[in-house]
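Examining the three-dimensional arrangement
Next come the chains, spelled out residue by residue.
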Amino acid sequence: MSLINSTATEALDLLAKGQITSVALTSAYLQRIADTDDQIGAFLRVDADAALARAAQIDQRRQAKQPLGKLAGLPVAVKDVLCDSQTQTTCGSQMLASYRPPYDATVVARLKSADAVLLGRTNMDEFAMGGSTENSAFQLTRNPWDLNRTPGGSSGGAAACVAAGMTPLSIGSDTGGSIRQPAGLCGVVGLKPTYGRVSRYGLVAFASSLDQVGPLAANTTDAALLLEAIAGHDTQDATSLDAPVPRFSAEIDRPLTGLRIGVVREHFTTGLDGEIEHAVRRALDVYQSQGATIKEISLPHSKYAVATYYVIAPSEASSNLARYDGVHYGHRTDRAELLDELATEQKELESAGDREALKNIDNGLVRMYRRSRAEGFGPEVKRRIMLGAYALSAGYYDAYYLKGLKVRRLIRQDFDAAFQQVDLIAGPVTAQAAFKLGEMAGDPLAMYLVDLYTVSANLAGLPGISLPCGFTQSGLPIGLQLQAPPLAEDTLLRGARMYEQATEWHKKKVPI
Amino acid sequence: MSTPYTTIIGLEVHVQLATQSKLFCGCPAQFGAEPNTQTCPVCMGLPGSLPVMNRAAYELSLKTAVALHCEIPTFTKWDRKQYFYPDLPKGYQISQFDLPMSANGYMKISDDKGRFEPKKVGITRAHLEEDAGKSIHDEVTGKADSEIDLNRTGTPLLEIVSEPDMRSSAEARAYLQELKLLLTYIGVSDCNMQEGSLRVDANVNLHLETPVGHVATPIVEIKNMNSFRAVQQALDYEAKRQYRVWQETGQKLGDSPKQTRGWDDATGKTMAQRSKEESSDYRYFPDPDLVPVRTTAERVEEVRAALGELPADLRTRLTATHGLSAYDADVLVNQGPDIVKYFLLAAETSGDYKGACNWVTQDILRSVKEQDVAIDQFAVSALQLAALITAINDGQLPKPRAKEVFELMLVDRMDVAAAINTLGIEQVDESALVTLCQDLLRANPKIVADVQNGKHQAIGPLVGQAKKKNPNADPGRVREICLELVARGE
Amino acid sequence: MAITRADVEKVALLARLQLTDGELKMMTTDLSQIVTYVDLLAEVDTEGVEPMAHAVEVSNVFAEDEVRPSLPREQALANAPGRNERGYLVPPVLGG
Ligand SMILES: [Mg+2]
Ligand SMILES: [Zn+2]
């Protein structure tokens, strides 16, 4: 049996007993990456030497019976959106192509102190904006189940590398579904924790009030293990919750008795693919057979979730991305070209006698900003910056941004009311299975609507998980989403595990 | 024909709060370090970094707000003010927009020279924000690159915005002096203008009474004033300029957008700043990285109780309870908290407020200035000064010799007793004084004759001679005895 | 709501983005389409609803006022696209 066929939890056990070494395990995964990633493109960078050195060091410490961290010796892939000190951190953007942060994100620091072996950095939509990973400035990532299709996004690389067995564990980030959606489309488990459960310090911000870091893994137990290692209060993040972190992985096999599952009426209206609906309904049957009660509930404001999200997220993004101005770090335009351009424009305007335009011509600094940002950002990032700047600008703030914040509260109140009646909410992750690469190009709105089922959890700050619940006729994975009240990740994981124990979907291997 | 007008002035003051570390990170907030040696991922605005609010900055701003009689809302939050500038590394400044931590306060001002009536100046709001960095431009050719230093980025500022309640540059200056005094008293800022811990922007326009009615000129914001004197000069200049412009153009408030003008100390003029840089849309919105702050009424009361005596209260106490003149109390209190602390210790210990006030406002202040030392480094401690005052009041030390004693205390750092001893000061017995005077009169028949002829001032040289023979002789008493002896014809 | 090219140009300056003619056209179409969709929010009755800027209701999170180490200057300036030995360099603000 190849080492890469064991789960992270099994591998951890084998490592602890000394039956395998981290070097052997890491080598096996590196080999798998070498064999498959040129077809998939999940990783932006793999540092095999560093990973093996780290694995060797952990093995040595284990032999010397020194204390080791929770993930000692397990390989983990990290989305290229979390700062790793002195290591390239690009966020999938030309803007940060050669950027090396001088500090570790809290999550990265926790992985290091848990003695995880960091394999490399996974591909993503630029600044986590997108649902297909096609917005990466560097490469495409393909869905391991069908290389013509998207792995989803923005954590497309993070999901694809787990699906293809290139790593047992992987870290993603989720602002509107960016962990759950690719997990669903790639047939792996992906969990977005409660807002504030995992530190955002060092997570390059997309939309600060929505962003959360979370685990991706091949099964719920492994996801729980990884969550345990990264969760917990951080004094460097003012929005981090000062709440104890339960031992999720120890509790996960304990089924929930008297479980009440809510099914959202509004989830099954229009646009939901028949095969997906079928798979989700069958999953509910499984729960019912396990003694859970299924209850239809309503989230009356859910139809406004995408609109709310596409006001709030771009507004915050336009602000968060203002720092990329080519002054202190990141891409800066060529100075000579910039000056040439301005001189040419000035001459043209002079000869045309356009005094008004001449008066308003950019000064050197303003033009440096505009060119640097135009060159450093891709089209989707520009679109969202523009959208956000518009929604926050004088005259539109009340109608868009402020209105969005109010509807956001109504959405949250819907959930609060629902969780009075049920313990978990179950439903689809996406309306469709993985779509073809390029299929959504040129239709940003259609792309935004892909987030239909996932954005609410971000707006409300709730934890959500995506887990495999079947396959389409054409062999594409289907995801089941569970959502829970704030800080109820233990319920979420145990509920997910109940289903997983009763099914085999998560054991299916990619054809590649 | 001239039109009567009133100058309407409102001031925006930024004070740097006296914290150890910056507003949202642990970098030192101290002035004067080598460029870019006091920065970290947070104040550099590096991707992924997050701000966490400095508790002391909030406490200091709360203290100030209470001292300014502001209302303290139970809920306040942080907003982002967005604009692009190289010394603003995040592309936004963390500030407070619609829910500032305090509003609707006031401060009283008055003038000891009586140039204006005592009045209350309204405080519109006082809110917290982070400072930007520093850009060093090529002022000569304007062609070389600008250099950016981020040391100052993220230091805590309290922006105190007044109502347009001031009517002259003298009132504006008095407001600034009183504000600085208040802030240094309660220890929230050192208010050092040279180091930028206190910065002033002024909004000014004129209200004219014309034959056709009341007219206001467009409001101008003046920046770049580096001293209180500059503020006063700039306001005077600007009032005259606006009057001239109004006479020339007739432009009224609302005819043109608010203009920003920079004060130039060298030419003594305000200069228009480029209009394109002015027009901004800051796109304020709540900072999602920072959580709101809730302040209970009890907390505000605690702060109020712990505030101690403010300058205005101290002035009242010194005049009403301790008999100081309003002028003396003003001069003393305006010296700032360190001098006042020194004064109060000397006054309370000696029990003589008036005496302590005279010593402090005259000899002590002069010597402190001459020696250019801080009062707590001064050779004569407050307790020593109290001992000096007590020695005088107890009659151990004749008043006329007190300055000599003080000199020894100051220069040779002696205590009062040692100085008195060294100078050989002792009480002179009355009979010894009479004998001394008799001797002097006998030796100076010409003087005696002059005095007998009504020239009383002729006695002067005898007083000097008496002092030479016995330094402890009280000159006043010597004069009295001599005149008496001459009158009796002895 | 329809967004005009002039709106887009204004926002592009605010956001400090230089857009080509083609991008301006596309952005005008895309933003109009998205904003029209977002206008859906207008139908929601939000009378008396408190805006929700944060996903969690936490307040009064402070750090103590203690100096912690800053970055060495060389590290602080390491990523700067323009610099000298002391600081960041940018084209002059006032120059044309
Ligand atoms: Mg300000
Ligand atoms: Zn700092």
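Notes on the structure follow. (Residues numbered from 1 in each chain as written. Chains lettered and ligands numbered in written order. Predicted model: local features only at pLDDT ≥ 70, side-chain atom pairs only at ≥ 80, totals over all residues. Heavy atoms only, no water.)

Regarding helix H9 (residues 274–289) of chain A
Residue and element names in this part refer to chain A. If you check H9, its first and last C-alpha atoms are 23 Å apart, about what 16 residues at 1.5 Å a residue would give, namely 22 Å. The set of residues buried in H9 consists of Ile276, Ala279, Val280, Ala283, Leu284, Val286 and Tyr287. Mapping the buried residues of H9 onto a view down its axis gives an arc of 155°, with all of them on the same face. Of the exposed residues in H9, the ones pointing more than 90 degrees away from its buried face are Gly274 and Ser289. Looking at the buried positions of H9, the neighbouring elements they touch are strand S7 (260–264), strand S8 (293–297), strand S9 (424–428), strand S10 (464–471), strand S11 (477–483) and helix H18 (489–502). Measuring from the side-chain oxygen of the N-cap residue of H9 to the backbone nitrogen of Glu275 gives 3.0 Å; that N-cap residue is Asp273. Looking at the residues trailing H9, positive phi occurs at Gly291, about 100°. (Helix = DSSP H or I, 4+ residues; strand = E, 2+ residues; numbered from the N terminus. Expected span 1.5 Å × (residues − 1). Buried < 20%, exposed > 50% of the residue type's maximum accessible area, 1.4 Å probe, protein only. Arc of directions from axis to C-beta. Contact = heavy atoms within 4.5 Å. Polar contact = N/O pair within 3.5 Å; in protein donor to acceptor, adjacent residues only side chain to side chain.)

With respect to the coordination of the zinc ion (ligand 2)
Residues and elements named next belong to chain B. For the zinc ion (ligand 2), the protein coordination sphere consists of Cys25 (SG), Cys27 (SG), Cys40 (SG) and Cys43 (SG), at 2.3 to 2.4 Å. Around the zinc ion (ligand 2) sit four donor atoms, and with donor-metal-donor angles ranging over 100 to 117° the site reads as tetrahedral. Linear spacing of the donor residues for the zinc ion (ligand 2) on their chain is C-x1-C-x12-C-x2-C. Take Cys43: its relative accessible area is 5%, and that puts it in the buried class. (Donors = N, O, S within 2.8 Å, 3.2 Å for Na, K, Ca; no water. Tetrahedral: all angles 85-135°; square planar, octahedral: opposite > 155°, others 65-115°.)

What about the coordination of the magnesium ion (ligand 1)?
All names here are of chain B. Looking at the metal site, the magnesium ion (ligand 1) is ligated by His14 (NE2), Glu129 (OE), Glu129 (OE) and Glu159 (OE), spaced 2.0 to 2.8 Å from it. Here the donor residues of the magnesium ion (ligand 1) share one chain and are spaced in sequence as H-x114-E-x29-E. With a gap of 145 residues between them, His14 in strand S1 (residues 5–16) and Glu159 in strand S10 (residues 156–162) connect regions that are remote in the sequence. Exposure remark for His14: the relative accessible area of 13% places this residue in the buried category.

Quick notes on helix H10 (residues 382–393) of chain B
Residues and elements named next belong to chain B. With 12 residues, H10 should reach 16 Å at 1.5 Å per residue; the first-to-last C-alpha distance of 16 Å fits that figure. Listed as buried for H10 are Ala382, Leu385, Ala386, Leu388, Ile389, Ala391 and Ile392. The secondary structure elements touched by the buried residues of H10 are helix H8 (337–350), helix H9 (353–371), helix H11 (402–411) and helix H12 (416–422).

Concerning the interface of chain C and chain B
The interface of chain C with chain B comprises 31 residues on the first partner and 44 residues on the second. Buried area between chain C and chain B, summed over both chains or domains, comes out near 3,400 Å², and the portion from carbon and sulfur atoms is 57%. Summed over the three residues of chain C that lose the most area to chain B, namely C:Phe62, C:Asp65 and C:Tyr88, the buried surface amounts to 19% of that side. Along the contact surface separating chain C from chain B lie three salt bridges. (Buried area = accessible area lost by both parts, 1.4 Å probe. Salt bridge = Lys/Arg side-chain N within 4 Å of Asp/Glu carboxyl O.)

Remarks on the pattern of salt bridges
Tallying each qualifying case throughout the model produces 71 salt bridges over all chains. Among the ionic pairs, A:Asp237 bridges to A:Arg200, the shortest N-O distance being 3.8 Å. Here the residue A:Asp237 occupies a position in the loop between helix H7 (220–230) and helix H8 (248–251), and A:Arg200 occupies one in the loop between strand S5 (189–192) and strand S6 (212–217), the gap between them amounting to 37 residues. A salt bridge links C:Glu9 to C:Arg5; its shortest N-O distance comes to 3.4 Å. Residue C:Glu9 and its partner C:Arg5 are located together in helix H1 (residues 5–14), separated by four residues, close to a single helical turn.

Quick notes on the interface of chain A and chain C
How big an interface is tends to be stated in terms of the accessible area lost upon association of its parts. On the side of chain C, 54 residues touch chain A, which itself brings 70 residues to the contact. Together, the buried faces of chain A and chain C total about 5,600 Å²; carbon and sulfur atoms form 68% of this surface. A per-residue breakdown of the area chain A buries against chain C is headed by A:Arg370, A:Met386 and A:Arg409, which together make up 13% of the total. At the boundary of chain A with chain C, the tally comes to four salt bridges. Notably, a salt bridge pairs A:Arg409 with C:Glu57, separated by 3.4 Å at the nearest N-O pair. There are 21 residue pairs in polar contact (both at pLDDT 80 or more) connecting chain A and chain C. Among the elements of the structure, helix H10 (305–320), helix H11 (335–352), helix H13 (364–376), helix H14 (379–392), helix H15 (398–421), helix H16 (444–449) and helix H17 (455–460) of chain A are those that each provide at least two residues to the side of chain A that touches chain C. Considering every element that reaches the side of chain A that touches chain C, the biggest residue donor is H15(A), with 11 residues. Grouping the constituent residues of the side of chain A that touches chain C by class yields 36 nonpolar, 15 polar and 19 charged. (Nonpolar A, V, L, I, M, F, W, Y, C, P; charged D, E, K, R; others polar.)

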